[in-house]
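Structure assessment
Below are the chains, spelled out letter by letter.
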Amino acid sequence: MSEKHTVCAYCGVGCGLIVEEGITTDLRPDPEHPANLGRLCAKGANLMETLSPRGRLLQPLLHGTHVSWSRAVEHVAERFGSIIERHGPDAVAFYVSGQMLTEDYYVANKLMKGFIGSANIDTNSRLCMASTVAGHIRAFGADTVPGCYQDLEEAEMVVLVGSNMASCHPVLFQRILDVRARGRGPYLVVIDPRRSETAQQADLHLALRPGSDGFLFCGLLNHMWKLGRVDFAFLERHVHGFVEALEAVTDFDLRHTAELCGLDQAVLADFMTRFTLTERVVTAFSQGINQSSSGTDKVNAIINCHLATGRIGKPGAGPFSLTGQGNAMGGREVGGLANQLAAHMKLENPEHRRLVADFWGASNMAERAGLKAIDLFEAVAEGRVKALWVACTNPLVSLPNADRVRQALAKCELLVVSECMAHTETAAFADVLLPAATWGEKSGTVTNSERVISRQRGFRRPLGEARPDWAAFAAVGRAMGFQEAFTYANPAAIFREYAALSGLGNDGTRDFDISGLADLTDAQYEELQPVQWPVNREYPQGRARFFDDGRFFHPDGRARMLPIQPRFPNLTVDGNHDLLLLTGRVADQWHTMSRTGGLAALRRRDEEPFVAMHPVDAAERGIDQVVSGLVRVETRYGGFLSRVRVTEDQPMGSMFAPFHWNDTFAWDAKVNSAVNPTVDPLSGQPELKATPASIHPLEVGWHGFVISSGELTFEDPLYWVRIPGDGYVRHELAFAQLPSRCDAWARELLGLDDDYGEWLFFGDEAAGSYRAANLLNGRLRACLFLAREYRLPSRRWLETLFLKENLEHRERRGLLAGALV
Ligand SMILES: Nc1nc2c(c(=O)[nH]1)N[C@H]1C(S)=C(S)[C@@H](COP(=O)(O)OP(=O)(O)OC[C@H]3O[C@@H](n4cnc5c(=O)[nH]c(N)nc54)[C@H](O)[C@@H]3O)O[C@H]1N2
Ligand SMILES: Nc1nc2c(c(=O)[nH]1)N[C@H]1C(S)=C(S)[C@@H](COP(=O)(O)OP(=O)(O)OC[C@H]3O[C@@H](n4cnc5c(=O)[nH]c(N)nc54)[C@H](O)[C@@H]3O)O[C@H]1N2
Ligand code: SF4
Ligand SMILES: [Mo]
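Read on for a plain summary of the structure. (Residues numbered from 1 in each chain as written. Chains lettered and ligands numbered in written order. Predicted model: local features only at pLDDT ≥ 70, side-chain atom pairs only at ≥ 80, totals over all residues. Heavy atoms only, no water.)

1. Section: the packing of aromatic side chains
Following the criterion strictly, the structure yields 31 aromatic pairs and no others. Ring plane angle 85° and centroid distance 5.0 Å describe the contact between Tyr95 and Phe377, whose orientation is recorded as edge-to-face. In this pair, Tyr95 sits in strand S6 (residues 92–96) while Phe377 sits in helix H17 (residues 373–381), placing the two residues 282 residues apart along the sequence. Both residues of the pair, Tyr95 and Phe377, belong to the buried class. Note on Phe215 and Phe252: the rings are 6.0 Å apart at their centroids and 65° apart in plane angle, and the pair reads as edge-to-face. Residue Phe215 is located in helix H8 (residues 213–226), and its partner Phe252 is located in the loop between helix H10 (242–247) and helix H11 (254–261); the two are separated by 37 residues in the primary sequence. An aromatic cluster is present here, built from Tyr106, Phe140, Trp360, Tyr498, Phe512, Trp533, Phe546, Phe547, Phe552 and Phe553 joined pairwise through their rings. In this structure, Arg451 is placed above the aromatic ring of Trp533, and the distance from its NZ or CZ to the ring centre is 5.6 Å. Just above the ring of Tyr10 sits the side chain of Arg595; from NZ or CZ to the centre is 5.7 Å. (Phe/Tyr/Trp six-rings, centres within 6.5 Å; stacked < 30°, edge-to-face > 60°. Helix = DSSP H or I, 4+ residues; strand = E, 2+ residues; numbered from the N terminus. Buried < 20%, exposed > 50% of the residue type's maximum accessible area, 1.4 Å probe, protein only. Lys NZ or Arg CZ within 6 Å of the ring centre and 35° of its normal.)

2. Overview of the packing of helix H4 (residues 130–140) against helix H14 (residues 295–308)
Two quantities define a packed helix pair, namely the angle between the helix axes and the distance between the axes. Remark: H4 packs on H14, axes separated minimally by 8 Å, with the N-to-C direction vectors making an angle of 45°. Considered as vectors, H4 and H14 are oriented oblique to each other. Taken as a pair, H4 and H14 cross one another with a handedness that is right-handed. Side by side, H4 and H14 meet where Ser131, Thr132, Ala134, Gly135, His136, Arg138, Ala139 and Phe140 of the first sit next to Gly295, Thr296, Asp297, Val299, Asn300 and Ile303 of the second. Residues of the contact of H4 with H14, tallied by class, amount to five nonpolar, seven polar and two charged. (Axes fitted to C-alpha atoms, helices over the stretch in contact; angles between N-to-C directions. Parallel < 35°, antiparallel > 145°, perpendicular 65-115°, else oblique. Left-handed = near helix turned anticlockwise from the far one by under 90°. Contact = heavy atoms within 4.5 Å. Nonpolar A, V, L, I, M, F, W, Y, C, P; charged D, E, K, R; others polar.)

3. Re helix H27 (residues 809–817)
Within the sequence span of H27, burial applies to Glu811, Gly814, Leu815 and Leu816. Structurally, H27 contributes buried residues whose contacts are with strand S30 (758–764), strand S31 (769–776), strand S32 (779–787) and helix H26 (795–802).

4. Quick notes on the sheet that holds strand S19 (residues 531–532)
To summarise the sheet geometry, strands pair through backbone hydrogen bonds and adopt either a parallel or an antiparallel arrangement. The strand order S17-S18-S19 describes an open sheet built from three strands, whose pairing is antiparallel. Looking at strand neighbours, the two that pair on one side only are strand S17 (444–447) and S19, the edges of this open sheet. As judged from the two bridges shared by strand S18 (residues 452–456) and S19, these two strands associate in the antiparallel manner. Bridge pairing links Val452 to Gln532 in S19. (Pairing = 2+ DSSP bridges.)

5. What about the pairing of S30?
Examined bridge by bridge, S30 and S31 share seven bridges and lie antiparallel to one another. Each residue of the ladder has a partner; that of Glu758, found in S31, is Leu775. Following S30, the chain reverses through four residues before pairing antiparallel with S31; Gly768 in that reversal takes a positive phi of roughly 80°.

6. Details of the site of ligand 2
Gln99, Ser398, Glu419, Asp469 and Thr592 are the nearest of the 32 residues found near ligand 2. Separating a nitrogen atom of ligand 2 from a side-chain N or O atom of Asp469 is a distance of 2.7 Å. Between Thr583 and ligand 2, the recorded distance is 2.9 Å, taken from a side-chain N or O atom to a nitrogen atom. When ligand 2 is considered free in solution it has 920 Å² of accessible area, and contact with the protein chains removes 99% of it. Of the residues belonging to the shell around ligand 2, the class tally is ten nonpolar, 16 polar and six charged. Mapping the shell around ligand 2 onto the domain boundaries places at least three of its residues in each of domain 2 (61–128 + 327–532) and domain 4 (579–697). (Near = heavy atom within 4 Å. Polar contact = N/O pair within 3.5 Å; in protein donor to acceptor, adjacent residues only side chain to side chain. Areas by Shrake-Rupley, 256 points an atom, 1.4 Å probe, with all protein chains shown as cover. Domains from an automatic or database assignment.)

7. Looking at the nonpolar core
Phe80, Phe94, Ile191, Leu216, Phe271, Trp389 and Ile514 are the most contacted members of the largest nonpolar core, which has 129 residues in total. Two domains each provide a minimum of three residues to this core, namely domain 2 (61–128 + 327–532) and domain 3 (145–322). Setting aside its immediate chain neighbours within four residues, Trp389 contacts Val76, Phe80, Ala93, Phe94, Tyr95, Val416, Ser418, Leu434, Ala472, Phe473 and Val476. One finds Ala373, Ala427, Leu433 and Val644 within the second-largest nonpolar core, a separate group that totals 44 residues. (Core = buried A, V, L, I, M, F, W, Y, C linked by side-chain atoms within 4.5 Å.)

8. So, the site of ligand 1
Neighbouring residues of ligand 1: 33 residues in total, closest Asp192, Gly211, Ser286, Arg585 and Gln589. Cys168 has a polar backbone atom sitting 2.8 Å from a nitrogen atom of ligand 1. Between ligand 1 and Asp192 there is a distance of 2.6 Å, counted from an oxygen atom to a side-chain nitrogen or oxygen. Taking 920 Å² as the accessible area of ligand 1 by itself, protein coverage stands at 99%. Going through the elements one at a time, helix H6 (165–168), helix H13 (287–290) and strand S21 (579–584) are the ones with two or more residues in the shell around ligand 1. When grouped by side-chain class, the residues that make up the shell around ligand 1 number twelve nonpolar, 15 polar and six charged.

This is the structure we're talking about:
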């Protein structure tokens, strides 16, 4: 029996886990990891199930043919090399991910920025954290998260803005609920247009008008000023720009702010006064703030409020950005964004460039920022970027205006995709597919939302020929001629180099410094306990809070308050699209579902893609009359199919759809086909939370479902969605019409066009319902139910039949009669 401490593969909370491998594999939360202290959420608890070999990419493929790793690497290096030779280094790019480990990220960034000589490496964190990074740098002079998780427990008031923490950072939310249950927890405010799972548990929910957060925080600053609570003594000593910042909010009195935000004035006044008078307040924010065309300004509007009152870097007080992916923070540290260098050094700073170039022995250092994600894919579509290496992300599903992304990928001369799964939408376009080792098989470090660096430890051999991503990038680096710079014995060697770089010429001038870890031996790296950065001479055991000493990272040591002019999303008004589409997540699914979509335990809560809307909006459009709930949402960019959920939790005038479902799990369900690609001019982060949209009933002739032992594919459906069960798969279906030769069609549809088993058929077009079932040796192999009306037999009952060894006579009869329970 071996026991390994590691961290969860999913979100930025960064929970510690203990994996015990023996005859069975056991996974339990680590009672001592500082992030979760023994807690776990459903996604984490089901992680072992994701290790199945099903669907994994096991071999390098070159145009679909199995080749050796060395052949694949040679091909990539040679093609990258020849494109660079003909068109210059800016004709190639990497698009990477906050789910790579720090060591993977470091090597990819080093190769692109130090040796290829372009800064065209960007990451899915552009869609996620870029506005926070830009906001932090403007306010603090560095991308510093001031506080830590304990602050959320020690606060008297926690304000969650644009964060559905109950679903997206469940363990952190649990920590808040736990102190509340002990009777001394914070007063909880949730600012979110919709009554999310988190808002449902709040003391106060401010359902503000979508996109109006900037106005709200400007109003708050104004209110605090009026109440005489601005801490001018602190500002005089530690902050620049406060006069201008305060002047900028003079117009936002309470009445005006309430109007702009669509909130009740008295309720807003209560919130603002409470915020003003409560000493220990944490404002935690996430995608409702970041994913906006004015996201950076919103981040600074929040930080302004904390700076103005000196409530930063203190126990229980400060602004707190929640990171999304497990190593989103690590990616920011290594410089994974196209406008950063490495170890929080700045690409535009010649001194930093020189330091890094000398340290790397870089032959071809990038001199200026590269293309940010949206521009990068546009450049691919226009043929300016000709070779692209995508690693650990599925942009065809997760980038806005996805149909344009599809065009870009189709056009790309050389698309390399590093994936652990064989079939993702993006992988389908790859010229070269590189099999990646994944969670449980690879080792390295990740950094969570509170700057805690933890070891992710592999406990299994990679499946097939899979390799860790760092090894793939390093191999290509060597094949491109940079042997010395890309020869690493193991992740520990990469980490040491990175840690040393972070301390280079630092002396406290840069926040990110882990030079205290630069001399770890392999064995010490293996044993490394979670530690919060910085780790250096001054803070050998890490530092819980920055700015408690009033020192910031602008050259003058002061923070900046910024004059904010809030604005609403700049949406092209389009008469037909009169509802605002907001997008986000559900608790049990992870992004593009490649890990979570196939697990029965995680599909029970939300089986099908859905779009939520208010009953009044539904009634006005006749959507409440659509019994099946099947609808199509459309915008000027494209559309997607979904089931409508009519609920008062969704405010009037807007809709909410999780962006998880895609062509792998459903038909035409990709939300990002409809989402606009407008970006924040400062951060380049897209406006994923607001697109004008319309909604229409889907004209359906026949509704139905199939239960079978394996996955099926369908020709010409109006709609299908795949729902995994334990030992079976169900597909929900809709067709325009029934073919004339139903029985033959059913055999083919069920993939059982063989001579085995016994067939039962019942009903036809005229009867308005049709059923078919196949039994082998008394056991149900597959069954199909279709009806004109959306009135179908109980799926649960049929699913229990599916698991039975031998059907009784009564059950066989019931199969075709179909119990409508
Ligand atoms: N279950 C699950 N957990 C996850 C993930 C996942 O895929 N699934 N992904 C991880 C990642 S990468 C990330 S980035 C995080 C994201 O975590 P969150 O940011 O919490 O999640 P989202 O659902 O994207 O958006 C949060 C909320 O923003 C609200 N919102 C929309 N528009 C506005 C607005 O104008 N103002 C305000 N105030 N709110 C608005 C939405 O209604 C939504 O409830 O989750 C992480 N955790
Ligand atoms: N409309 C809308 N769109 C959004 C968002 C939104 O709120 N609304 N949120 C955005 C945000 S915040 C994010 S972070 C993105 C996330 O979007 P993506 O990054 O595209 O989503 P994932 O499904 O997590 O993709 C990760 C891929 O990496 C693969 N993988 C897993 N482990 C490894 C590994 O170790 N190595 C390699 N090479 N591959 C691996 C997985 O199989 C999977 O296909 O989506 C963004 N898109
Ligand atoms: S909260 Fe996040 S890190 Fe913790 S177990 Fe759940 S998904 Fe994993
Ligand atoms: Mo994210």
